[in-house]
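One-letter residues, chain by chain:
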Amino acid sequence: MMHQLDLLADFIRTLFAPLSDAITALVPTELLNDYLMSLPAITLVVFAGIALLVGLRYNPLPVSFIGVILATVEMVLFEPDVLGGSSFGGLFVRDAFGDFFIYIILMVAFLVLMSTTLYGGNKGPYNFLLMVSFAGAIWVVMATDFVGLFMAWELMSTPTYMLVALSPHREGIDGATKYFVMGLLSTSLMLLGITLVYGVTGTTALSEVGTQVAIIWASPYGVENAAYTLLLAMVLFIVAFGFKVGIFPGWQWVPDAYASADGSVTGYLAGGSKKTGVSALIRIMMVAFLVAKTEWMPLIVAVAILTMVIGNVLALAQKDIMRMLAYSSIAMMGYLFIGLAVGTEYGAAAAIFHAFTHALTKTAAFILIWAMSVRLAKRIKYDDLAGLSKRSPLAALTLTVFVLSLAGMPLTVGFYSKILLFHSAAVAGLWWLALIGIINSVFSLGYYLRVLKYSYFMEPKEKGKLVLARIPMAAVVLCFVAVVGLFLYADLILPYAFEAAQALLS
Amino acid sequence: MQSALAEAILSMLPGNVLILMLVIPLVGGFLAYVLGSRSARAIALLTTTVELGFAIVLALGTPAMAADHQGMSYYFEMTLATLGTSSSSPAIRFVLGVDGISLVMILLSNLVVFIAALSSNHIKDSERSYYALFLLLQTGLLGVFMSLDLIGFFLFWELVLIPMFFIVGGWGEEGSQHAAVKFFIYTHFGSGVMLVGFFVLYLLSAPVYTFNMLVLRGMGLDPMVQIGFAIALFFGAGVKLPVWPLHNWLPWAHVKAPTPGSVILAGILLKMGGYAFVRLGLWMVPDAIAALAIPFAVLAIFTCIYAAFTAMAQTDMKSMVAYTSINHMSWVLLGVAAYGWNYSIGATMAANLALQGAIFMMFSHGTIISVMFIVAGQMKYAAGTREIPEIKGLMAKAPHLASVTILASLAAFGLPGFSGFIAEILVLFGSVVNLFWTALITFGIFVTVGYILWMLNRVVFSDPDEEKEITEAPWEDLIAPILMMIPVILLGIWPDLIIGIVQPVIDVMLAGGALP
């Protein structure tokens with residue numbers, strides 16, 4: 001079936017046909033087969049290097065922009081269906097599932113680069129770290145092998161530790177330290193998990209692990225130890241990847257790092273790198289451990305419920321908007337894990353779609369608050385939002401729409417993503433899980449409505465208009481248009497999410 | 001009750017009339033916002049007048065039961081979101097259509113919105129945002145009464161909250177922000193629980209898997225599911241209606257909202273609850289309501305008496321009117337419960353009366369309570385306060401306002417000759433036939449008559465207090481309530497105007513949902 005954006009993709013392909021022809025003609029076939037699919041990520045790495053060099057004399061931001069746009073064009077040009085998705089000897093594979101997340105990452109990357117005009121974007125190292133992290137994120141999503149996954153994971157994570165520390169706030173160092181220490185812990189747990197899996201199955205490729213697990217699960221008698229070891233590894237994976245995602249039990253670093261980093265990095269952490277954790281976890285659970293679904297389902301359900309509750313309760317207690325949004329991110333991941341817990345194609349699609357809408361909304365919200373924070377030269381608290389509708393109607397309107405989207409109200413794309421998640425749970429027979437999710441969602445109105453209350457019903461403390469920087473606001477407005485537009489026409493994106501879920505489970 | 005002229009007008013319209021009716025307020029709202037505060041009110045009045053015209057033409061020119069689509073006229077279907085990759089996958093759709101019951105509700109909402117727009121003349125603060133939200137609200141309200149798809153229904157149901165939240169919080173009086181938040185969270189909670197019920201129905205619609213009400217209709221439900229769905233529906237519709245113990249948001253929101261906000265809240269938002277009980281319960285899966293008919297009836301009676309006593313204790317006139325709303329809407333729930341019970345035991349005559357009464361009550365209450373709220377809001381301008389003990393001698397000082405107050409009050413406690421009387425009689429006749437103890441609800445009428453007359457006695461017929469100044473309401477403030485009294489009296493002497501529209505639908509429902 002033709003989806004809505006395929007026409008656009010075809011157009012881009014015809015437009016850039018000379019480029020793709022030149023690449024396929026000039027480069028030797030063996031090289032091509034081995035690296036072509038990773039070209040977007042490689043491009044980002046190359047441009048990261050260029051940005052570092054350019055940054056010695058000039059503003060490197062345009063270089064980064066070109067890199068991200070070029071990577072996106074390459075994504076469209078080289079279709080995995082036509083050319084086969086494998087690269088690096090099958091360590092990194094592009095498929096419909098991975099592509100969906102790669103586009104999310106590139107979208108977030110573009111928005112984040114727009115936002116770095118506020119702070120940091122004019123420095124070479126900053127651009128370098130960001131771009132390398134983007135490349136790592138793409139490889140994480142593509143990885144179908146535990147070793148590749150681990151390397152990509154480190155490539156993505158390490159720059160973000162430094163980026164958080166580079167924040168203009170003094171507490172950036174604290175946040176980065178907490179993030180770093182917990183990150184190392186999760187990495188070691190992940191390594192332990194990988195070793196356990198390798199020890200039992202003798203392979204690190206996800207699909208082969210899946211086969212082995214299926215064999216063990218088919219006749220577990222006599223090999224109980226192997227089964228229990230695999231279960232332990234599974235728990236370790238949930239904890240380790242869940243750390244990046246910010247779910248129970250590894251969520252503690254999220255508010256500190258998010259609130260102390262500069263807003264662009266926060267936007268990337270919430271919109272981009274968080275989603276890679278989601279994708280990696282979905283891939284591991286759905287590909288390697290699908291037969292063990294009955295075992296991991298209760299676990300994921302428990303994690304989802306705890307994450308939702310923790311995120312919502314603690315978000316209610318915050319005064320700082322960045323921290324509130326950070327906790328709301330945690331709660332959002334709780335909702336997302338409902339889709340994973342369901343474990344069906346529909347559930348996976350709902351989770352994937354939610355990842356997309358959350359990336360869109362949260363990144364934009366962080367950029368908006370960051371733009372205000374830079375303009376007012378202070379951290380934005382609820383009080384600073386008072387009378388926002390009078391001081392900057394555009395900022396108030398966009399913030400309102402993002403907040404309503406997070407709350408899952410109509411007129412925003414968040415409405416569908418929440419409905420789909422809860423519906424997928426109900427369809428799989430977990431109606432009580434849907435009910436818990438909905439009640440949590442109602443609870444979350446407690447802090448979302450506070451934002452609306454302050455920005456619309458309160459009188460401003462300071463007079464005068466609030467003029468926000470133009471380029472970040474352009475990013476915010478783009479997201480605003482997308483959030484409202486996708487409500488009117490969700491079918492623009494939704495079939496791709498279902499296609500991704502199908503690719504995963506086939 | 002069809003007129004050839006109305007049919008001719010409808011056939012001349014470009015496109016589907018329902019889509020037009022949904023889009024016109026959106027366009028109007030956009031224009032009102034763009035063109036600025038000076039012309040916003042004019043645009044809003046024009047839009048609501050056009051919409052009211054459409055609603056009247058629609059009610060006159062549309063058969064209550066059309067030949068196909070289970071009686072739905074102007075059937076329209078559009079896919080919002082496909083749940084899969086092929087075109088045959090299940091989907092979230094946007095399905096519109098109207099039958100007699102929807103026609104009545106659409107007429108009522110456009111009437112109330114028109115009156116609310118007229119009575120918005122005291123809104124002076126950022127008018128363009130106000131009227132833009134106001135018209136967005138109208139689209140949401142109409143959408144609820146037109147939707148035939150559960151998710152589309154839910155979408156509009158939730159859409160209503162957003163503009164209402166801003167209207168209550170932004171233009172209400174002191175403390176309205178808290179009321180707005182409370183209103184939002186309460187109703188969102190109720191609808192969330194209802195949504196789970198929708199999901200369960202979807203699951204039971206296997207193997208078609210649809211949210212379309214026409215397909216889901218008449219689906220036999222497992223007894224446990226019946227109770228589950230009835231409870232879910234009770235949360236969603238019961239918060240809106242409202243029923244004790246879910247009513248707590250109502251006095252807050254109604255009292256703190258600006259007058260037109262209260263008018264729309266009481267005049268239409270509460271009817272959304274009643275409509276949900278009728279459409280999603282009695283019309284779609286009557287078994288579900290039948291399973292919990294007795295508890296519903298008990299709750300209705302309790303709510304009626306409880307709200308009447310609470311209303312008696314209020315000193316703020318608006319608050320008293322708000323509790324009167326709760327008091328009256330419980331009659332709708334009683335009618336619904338009585339229909340469910342009578343339907344399940346096959347007592348068609350009584351079921352018919354009960355449902356007629358429930359729908360008539362919604363219409364009649366929507367009109368009467370609008371007048372009451374406008375009058376109560378007017379007290380603030382006329383006497384400087386809404387505290388009942390502080391207003392004295394209204395008859396002597398402000399005879400016009402006093403006359404409207406008297407008429408509306410008489411209508412509110414159901415004096416014969418006004419529409420409220422017919423509604424109460426119909427519900428009562430329908431319910432006591434097989435559930436004789438429901439006659440207890442008449443105690444609620446007794447109390448209602450008591451506190452309303454007491455209020456009139458203190459406010460209108462008392463001796464004027466020379467120290468307190470009371471000014472007569474200007475005519476431009478009185479146009480809206482006087483216009484709204486016309487349907488109240490008209491329906492009191494000619495109830496068939498409304499009943500005639502819904503009766504064919506009820507006949508089909510009583511025949512088990514099959515077309516005659």
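In case you missed it, the structure is sitting above this.
Model, not experiment: these values are computed from the prediction.

A. Region of the structure containing the overall build of chain B. Summing up its helical and strand segments, chain B has 22 helices and two strands in all. For chain B, the spread of C-alpha atoms along the three principal axes comes to 75 × 55 × 45 Å. By residue count, 66% of the 516 residues in chain B fall in the buried class. For chain B, the proportion of contacts with a sequence separation of at least 24, taken over those separated by at least 6, is 80%. Looking at chain B as shown, the accessible area adds up to about 16300 Å², and 68% of this sits on carbon and sulfur atoms. Computed over 18 positive and 27 negative side-chain charges, the inter-centroid distance for chain B is 6 Å.

B. Region of the structure containing the overall build of chain A. Helix and strand counts for chain A come out as 24 helices and two strands. A globule of 506 residues ought to have a C-alpha radius of gyration of about 23 Å, and chain A, at 22 Å, matches this closely. Reported as C-alpha extents along the three principal axes, the dimensions of chain A are approximately 75 × 55 × 45 Å. Here chain A, with 506 residues, has 62% of them falling under the buried criterion.

C. The interface of chain B and chain A, seen in detail. Contacts between chain B and chain A engage 38 residues on the former and 39 residues on the latter. Buried area between chain B and chain A, both sides added, is near 3300 Å², and the carbon and sulfur share of it is 82%. The three residues of chain B that bury the most area against chain A are T85, F166 and F199 of chain B, which together make up 19% of that side's buried surface. Our enumeration of links across chain B and chain A arrives at zero salt bridges. Our count for the contact surface shared by chain B and chain A stands at two residue pairs in polar contact (both at pLDDT 80 or more). Contributing elements (two or more residues each) for the side of chain B that touches chain A: β1 (73-82), α6 (150-159), α7 (161-171) and α8 (176-204) of chain B. Grouping the constituent residues of the side of chain B that touches chain A by class yields 26 nonpolar, 11 polar and one charged.

D. How the structure looks around the pairing of strand β2 (residues 91-98) of chain B. Residue and element names in this part refer to chain B. Here β2 lies mainly inside the structure; seven of its eight residues are buried. Note: β1 against β2, seven bridges, orientation antiparallel. Directly across from M78, in β2, lies its bridge partner F94.

E. How the structure looks around the pattern of salt bridges. Under the defined criterion, the tally for this structure stands at 15 salt bridges over all chains. Residues E77 of chain B and R93 of chain B are paired through a salt bridge, measuring 3.5 Å at the closest nitrogen-oxygen approach. Of this pair, E77 of chain B sits in strand β1 while R93 of chain B sits in strand β2; the two residues are 16 residues apart in sequence, bridging distant segments of the chain. Accessibility expressed as a relative area gives 38% for E77 of chain B, which makes it partly exposed. Taken together, the shared-partner salt bridges in this structure form one network comprising D10, R13 and E79 of chain A.

F. Region of interest: helix α11 (residues 249-256) of chain B. All names here are of chain B. Among the eight residues in α11, six count as buried, and that is most of the element. Here α11 has its buried residues at W249, L250, P251, A253, H254 and V255. The inward-facing, buried residues of α11 abut α7, α8, α10 (223-240), α12 (259-284), α15 (317-345) and α16 (348-383).

G. Region of interest: the environment of G190 of chain B. Residue and element names in this part refer to chain B. In this structure, G190 sits in helix α8. Judged by its relative accessible area of 0%, G190 falls in the buried class. Along the sequence, G190 and L26 sit 164 residues apart, while their C-alpha atoms lie 27 Å from each other. With residues up to four places along the chain from it excluded, the contact list for G190 reads F235, G236 and V239.

H. Expanded view of the environment of L336 of chain A. All names here are of chain A. Looking at the secondary structure, you find L336 in helix α16 (residues 321-342). By relative accessible area, which is 0% here, L336 ends up buried. Sequence separation between L336 and H354 is 18 residues; the distance between their C-alpha atoms is 6.4 Å. Leave out the neighbours within four places in its chain, and L336 touches V278, A351, H354, A355 and L421.

I. Molecular detail of the packing of helix α12 (residues 224-245) of chain A against helix α15 (residues 293-316) of chain A. Residue and element names in this part refer to chain A. For the pair α12 and α15, interaxial distance at closest approach is 11 Å and the crossing angle is 25°. Taken together, the axes of α12 and α15 are roughly parallel relative to one another. In this structure, α12 meets α15 at a crossing whose hand is right-handed. Facing α12, whose interface residues are L231, M234, V235 and I238, α15 presents E295, W296, L299, I300 and V303. For the contact of α12 with α15, the residue count by class is eight nonpolar, no polar and one charged.

Reading the values: rules and limits
- Residues numbered from 1 in each chain as written.
- Chains lettered and ligands numbered in written order.
- Predicted model: local features only at pLDDT ≥ 70, side-chain atom pairs only at ≥ 80, totals over all residues.
- Heavy atoms only, no water.
- Helix = DSSP H or I, 4+ residues; strand = E, 2+ residues; numbered from the N terminus.
- Buried < 20%, exposed > 50% of the residue type's maximum accessible area, 1.4 Å probe, protein only.
- Contact = heavy atoms within 4.5 Å.
- Areas by Shrake-Rupley, 256 points an atom, 1.4 Å probe, with all protein chains shown as cover.
- Lys, Arg positive; Asp, Glu negative; His and termini not counted.
- Charge placed at Lys NZ, Arg CZ, Asp CG, Glu CD.
- Rg over C-alpha atoms; globule rule 2.2 N^0.38 Å.
- Buried area = accessible area lost by both parts, 1.4 Å probe.
- Salt bridge = Lys/Arg side-chain N within 4 Å of Asp/Glu carboxyl O.
- Polar contact = N/O pair within 3.5 Å; in protein donor to acceptor, adjacent residues only side chain to side chain.
- Nonpolar A, V, L, I, M, F, W, Y, C, P; charged D, E, K, R; others polar.
- Pairing = 2+ DSSP bridges.
- Axes fitted to C-alpha atoms, helices over the stretch in contact; angles between N-to-C directions.
- Parallel < 35°, antiparallel > 145°, perpendicular 65-115°, else oblique.
- Left-handed = near helix turned anticlockwise from the far one by under 90°.

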